[in-house]
Amino acid sequence: MADDKDVLRDVWFGRIPTCFTLNPDEVTEREAEPYYLLLPRVSYLPLVTDKVKKHFLKVMRTEDVEEMWFEHEGTPLKWHYPIGVLFDFHASNTVLPWSITVHFKNFPDVDLLHCPTNSMVEAHFMSSIKEADALKHKSQVVNDMQKKDHKQLWMGLQNDKFDQFWAMNRKLMEYPTEEGGFRYIPFRIYQTTNDRPFIQRLFRPVSTEGNPHTLFDLLKEMCPDALTKDGEEKRFQVVIHGIEPLLETPLQWLSEHLSHPDNFLHICIIPAPTD
Amino acid sequence: MPASLLWAVDVHGRVYSLSSAGQQWELGRDAPMEFKRVTAAQQCCWSLGCDSSIYLNVFASDLPVRYKEETYENQRWNPVDGFSERLLPSDRWQWSDVTGLQQQPLHSFQLPSSSWEWEGDWYVDENFEGEPTEKEGWTYSIDFPSTYTKDKKWNSCVRRRRWIRYRRYKAMDTWAKIPSQPMSLPDPFSDISCGGWEISEEPGDRLSLWVVSLQGKVWFREGICHHNPEGSSWEEVPLPGEVVQISCGPGDLVWAVLWEGKLIVREGITRDCPRGLSWAVVECPSPEVGAIHVSVGNGVVWAVTKDNKVWFRRGVNSHNPCGSGWISMVGEMIMISVGLHDQVWAIGCEDRAVYFRQGVTSSELSGKTWRAISAPRDGERCLCCGCFKHVMTICLCSTALDVFSLGMCKPSLWSPLKDVPSVTPAVLEEEVIPADGEEIQLCAEEALLSTESRGGPQWSNVDLEEAQTGAVLDLAETCSLSSVTTFTLTLEDGAEEHPMWAWVSGEGCSVDSSSQLNWFTVTQSVQSMSLSISPAQTAAWRRQIFEQLSERSRREMDDFKHYEQAIEQSVWVKKGAMQWWRDWKPHKWIDVQFAFEQFSGPDGNKDGILFIYYNYNEEKKYLHAFINEVTILVPVLNDSKHTFAIYTDERTKQRWPIRVAAATELEMYDWLALLSVSCCESRGIQGPPSKQAIWSITCKGDIFVSEPSPALEAVPYPTPCDQMFWRQVGGHLRMGECNSAGIVWGIGYDHTAWVYTGGYGGGFFQGLASSTDNIYTQTDVKSVYIYENQRWNPVSGYTSRGLPTDRYMWSNASGLRECTKTGTRPPSPHWTWISDWAVDYSVSGGTDREGWQYAADFPASFHGYKTMKDFVRRRRWARKCKLTTTGPWQEIPPIPLIDVTVLPCGAQSSVDTIPLWAISSKGDVLCRLGVSAKTPAGSSWLHVGTDQPFKSISIGAAGQVWAIARDGSAFHRGSVSPQNPAGDCWYHIPSPAKQKLKQVSVGRTSICTVDENGNLWYRQGVTPSYPQGSSWDHVSNNVRKVSMGPLDQIWIIADKVQGSQSLSCGTVCHRLGVQPVDPKGQQWDYGIGGGWDHITVRGNAMEPPRIGLLSQKDTAPPTSSSPLPIGIAEPNGTAVC
């Protein structure tokens, strides 16, 4: 059987084929060709769309250009969510390539945060890692790291360097064997049926009786509606990195292997396709 | 760590054991009766029955306990009868021992007890000092006593021969009563404790057993050792008072409790005098209450006072067995048991549960918290109420009567023992009062009172104290939770549901603070737990994830490969400050900038360059190495520097690697892990080693593997040995042997046997460079030796004052380096001391009683006795240290080994059994059953009898088994076949003239041996019809070890190999020109070296290409003929599944 380490590689090198088209309302000097790109699932939109921006700027006048933002079928895409999460949540059962509309005007301040530079992404990414480590190890691991170690994590993500990133990230994934897991599992559950952006609460990887918690245990506590009841037709899909793990998968294992580089386990609960 | 057992007795006298790997208490069903107490070692368990007799349970092992009885038949020549039984009146007995002083006719030999049986009948020994004798085994001499020869000469007037008969201990895995000695033991026993196995060099070889009688006397069992598990006799030990209880640790600690509550400590326990010399008195922790129980370990003492308080003794060690002071501990216990690694178990006074002390480490011997062991008892559920009561009645009577009789002889006994009935006060009243008199009733009342007076809230006290000591809030939370549940359990469910324990013994239980124990889950969770870890189900969710991920890649990526990547790959640079052992003289460490640039090569493989930037005469310069040219990275850790060596083929030729040192150990391992992964990536190697892999081991115990190419054995142009690429595998071994079916066994410095699990990584290879499965904890123990040197002077005799020209008075073996007891540190930071300095008596040449060896002067050859001509003496001190690491190795308990060999060829299928032979550390020859590619660990050992201990063994491709005996001669085993895997008899092969052989290796047809002077010998004249061969041919000298491959390749570890810049010892060498017509080959090719200790090429069955021209392709990866776990790294690392 394949090794668990292969999962990390598969997760890291997940790519979503994307077709960027310019919003037709934008003023252009000539018609803009769509732009096709493989987006890394674990990265963030501002980190991987330099080429897109360059491509569309060629047909636009500089005075017509404001901050670039993206939209999929009318929904503005939050740059501070990992790309894979955006895709799974908004577009998982649509036809590939993923169609994203590029805007340079009318920035939706209500829906999106501004992202003037990539240092914003870095700050957001590092604060997520710190938050996750606070949950996992009371921040002990991340505080023990040096500035350059933090930089290595960020550079690894930014430059898509799996080895560079994991050489450091593995330290964040360690835990004392006698405890059977992290202190708490850093997770975020995204639901279409909820007004809140996501659910994030304290949840331990092991029950008080010492049994490992599963994905099922987590969902039962956080959003029991998402679970299919006996005799009922499946209404929701539980998607992580574009796959649906079995509900008996241990949560600790998921956290170690299917977390995003920000060290959070992002779980999307989306309506099951009806057909 | 293999599974070992924790033993306990419940209040009904039933004996249970709990495996360190198990989750429930197993009832000892074959016990002939109820037991009062047990005391366990790793190889056996002693117990004190309710009949006050001593019982012994020796655990079954594949290695039988057998004893060789021998006697000599003596004859003298006279002109009438020739040699006859008629001896002169002044002669020795006709049948005698070796000295001739003791009469020993054959019929005088009796089995020591009913637990023994004869293995066969008497037979004559036809071996004499490594040489076969004439048919009848006679050896001749001029007269008794004298030196004997195997040949009859003209002046041979007497002759003798040795008769041998083996007896075998048969009472394995059962409780056998130790026959009592009617004369010496008037009163029955009341306490028992075993230990002392670490006093001798060979652990498990001997045992001390101490018992206490009801009258308070102490007895010591003489003569317990491996081949005499029952011991021979009881010796009374004089005492300053009357003892109630005694405890013997694994080393030289023995403590006992006196009636009046004081403690006494045995002093003067040594290897020569395991009984000790005298007692010292230690005040009890609280004088007004007095102690009732004590338990000792290697360097700790725990005691319980009569108010059930627990105490820990500070500062106890071999030199100061009395320690320095008492520390009060939390918890209320009735007894405590200190086990291996100073781990602690106890029985709670309130709930009678067995508690384990968590967090006991060598730096924190007192541990952190008590945790109740909640493992269910075997058959707990099926025990219906009625029969439970029934059993209880019977047993209670016996305990009660026992207590009663104790009370009769000594009233003061009540206080220490009153808590025996107090656990079941209610039942006691009902059942026992009709049974017997006043004393017991009184006791029951007293017990009731005492339980009432002690309330439940005491447990909350415990928690408060724990919370104060443990800063971590979590600990306090869980701990209070668990104890609260325990407490309510006791209240509500009462006595019947809850297991009530009376005694626990952890002396044979090998766990430590890092062990994973399944003892603490509550009953109902055991089931769900075992369900959730069932392999089928884990496979289901894991398989789902693997399948879905590859399905995802197919869906999202396969059709879109022509799309552009969002992030362009670029060069990645890692830099750091290091020190470098500079190339020019004078050599020294200088500060350098160390940089590693990694990039994707044109073929998609990752590649990189290492740069070392240094200053030379104020001028900036650099040195570089291409990652794809690096052949090996060797960690060289010592106590002062964290260094590693980088070799390329050029550097191997020079015997001069690039040596760099990192500032910290962590930094060094970060670099090593990164560079190793990069080296492997640049060569397209990933995953576990292939079955053909060549394994080698350094003198530090580090393990390396190399993937052979077919051209490695090509004739006439093989791949040069120095171009072989070696990568490190986690773990620590002294030697290892493999075969082409992928079976690899290793042996540690402590003789533990390990089997390769098929994983890779471990040790400092964490995360990506390591497989997740198949990595386990591995430990090793070895001794560090220093020498104490003294010179004789006429005034004060031997003193530590030497001549100015002498060596250091405390030194290493050569005397050139000073090594003091305090200044000597473990070999590297990975090793930690686990014992104190102790005199080592097992030095070659022998020692006197104090361990001294004498010589005329330093340096000279030393001998074990003092003569007139000796003016200097020395003795060796040993201190044990332990290393804990991880690697793809699993222990094969319990028999320690010194050599192992696997049939070099692969079997036809993965389930075919593969012959594997080994030699135990005692020299027994063993044959492993059930070894196959699927089950490389095999199932059990089959013991193969020999008349003398062996030291090396090897099995060839056709099943030829060769071995070397301790006397340096060779043996060939006849008739080994798949049907008869152990063969039938040994054929003696004399060694080359005046040489003692030490190691043998058998290839396809070739047999090579190495002798103690470093000569390599080839066995000439071996044919299928005459497998013993005819003579030894000298091949080479300066050889330390040889490994013959399945194609008859010859590889050695050579000493003294000259490179262009330096000389190296312990170098891997390959014999060139070995062909069927020239099996001895032509010359040596030199590979990696400097510090190599072992190599095995027995997995490489890859036939070389027929034509030598193909050798140009020597760097190509192995062809498809090898079952490859080696893959080529994907371009840019893009995931393609």
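In the block above lies the structure referred to throughout.
Cut-offs applied
- Residue numbers run consecutively from 1 along every chain, following the written order of its sequence.
- Chains and ligands are labelled by the order in which they are written, letters from A for the one and numbers from 1 for the other.
- Predicted model: local features are reported for residues with pLDDT of at least 70 only, side-chain atom pairs are reported and counted for 80 or more only, and whole-chain, interface and lining totals are derived from all residues.
- Side-chain measures were taken over the full set of non-hydrogen atoms in the model, leaving aside hydrogen atoms and water.
- Classification of ring pairs rests on two measures: the distance between centres of Phe, Tyr or Trp rings, Trp counted by its six-membered ring, which must be within 6.5 Å, and the angle between planes, read as stacked under 30 degrees, edge-to-face over 60 and tilted in between.
- Strands are runs of DSSP state E lasting at least 2 residues, helices are runs of H or I lasting at least 4, and numbering of each runs from the N terminus.
- We call a residue buried when its accessible area falls under 20% of the maximum for its residue type, exposed when it is over 50%, and partly exposed in between, using a 1.4 Å probe and counting protein chains only.
- In this analysis the charged atom, NZ for Lys or CZ for Arg, is taken to sit over a ring once it is within 6 Å of the ring centre and within 35 degrees of the ring normal.
- Starting at the helix axis, one direction is taken to each C-beta atom, and the arc is that of these directions.
- In this description, contact between two residues means that some pair of their heavy atoms is separated by no more than 4.5 Å.

Engineer: For this particular structure, what's the right way to read the packing of aromatic side chains?
Structural biologist: To describe a pair of aromatic rings, one takes the distance between the centres and the angle between the planes. This model, assessed by the stated rule, comprises 57 aromatic pairs over all chains. Measuring from centroid to centroid gives 5.3 Å for Y16(B) and W501(B), while their planes differ by 90°, and the two rings are edge-to-face. Residue Y16(B) is located in strand β2 (residues 15–19), and its partner W501(B) is located in strand β32 (residues 501–505); the two are separated by 485 residues in the primary sequence. Comparing Y16(B) with W501(B), the two get one shared label, buried. Aromatic pair W210(B) and F220(B): ring centres 5.0 Å apart, planes at 70°, arrangement edge-to-face. Taken as a pair, W210(B) in strand β18 (residues 208–213) and F220(B) in strand β19 (residues 218–222) lie far apart in primary sequence, 10 residues in all. Taking the relative accessible area as the measure of exposure, W210(B) reaches 0% and is therefore buried. Ring-pair connections join several aromatic residues into one group, and the members of that group are W12(A), F13(A), F162(A), F165(A) and W166(A). One cation-aromatic arrangement involves R973(B) over W986(B); the distance from NZ or CZ to the ring centre is 4.9 Å.

Engineer: Help me understand unusual backbone geometry, please; the structure alone is not making it clear to me.
Structural biologist: As a rule of thumb, non-glycine residues mostly have phi less than zero, and peptide bonds are mostly trans rather than cis. That bond from L96(A) to P97(A) is cis: its omega, -5°, falls within 30 degrees of zero. Here P97(A) lies in the loop between α4 (83–91) and β5 (98–103). At H241(A), a position not held by glycine, the phi torsion is positive, near 55°. One can find H241(A) in the loop between β7 (236–239) and α10 (251–257). Judged by relative accessible area, H241(A) falls into the buried class, the value being 1%. For N617(B), which is not glycine, the phi dihedral falls at a positive 50°. For N617(B), the position within the fold is in the loop between β36 (606–616) and β37 (619–626).

Engineer: Would you mind showing me how to read helix α3 (residues 50–57) of chain A here?
Structural biologist: Since there are 3.6 residues in each turn of an α-helix, residues three or four apart along the chain are aligned in direction. When we look at burial in α3(A), the residues that qualify are K51(A), V52(A), H55(A) and F56(A). Looking straight down α3(A), one finds that the buried residues subtend no more than 125° of arc, so they occupy a single side. On its buried face, α3(A) sits against β1 (15–22), β2 (35–40) and β5 of chain A together with β33 (564–565) of chain B.

Treat this as a map of the structure, not an account of what it does.
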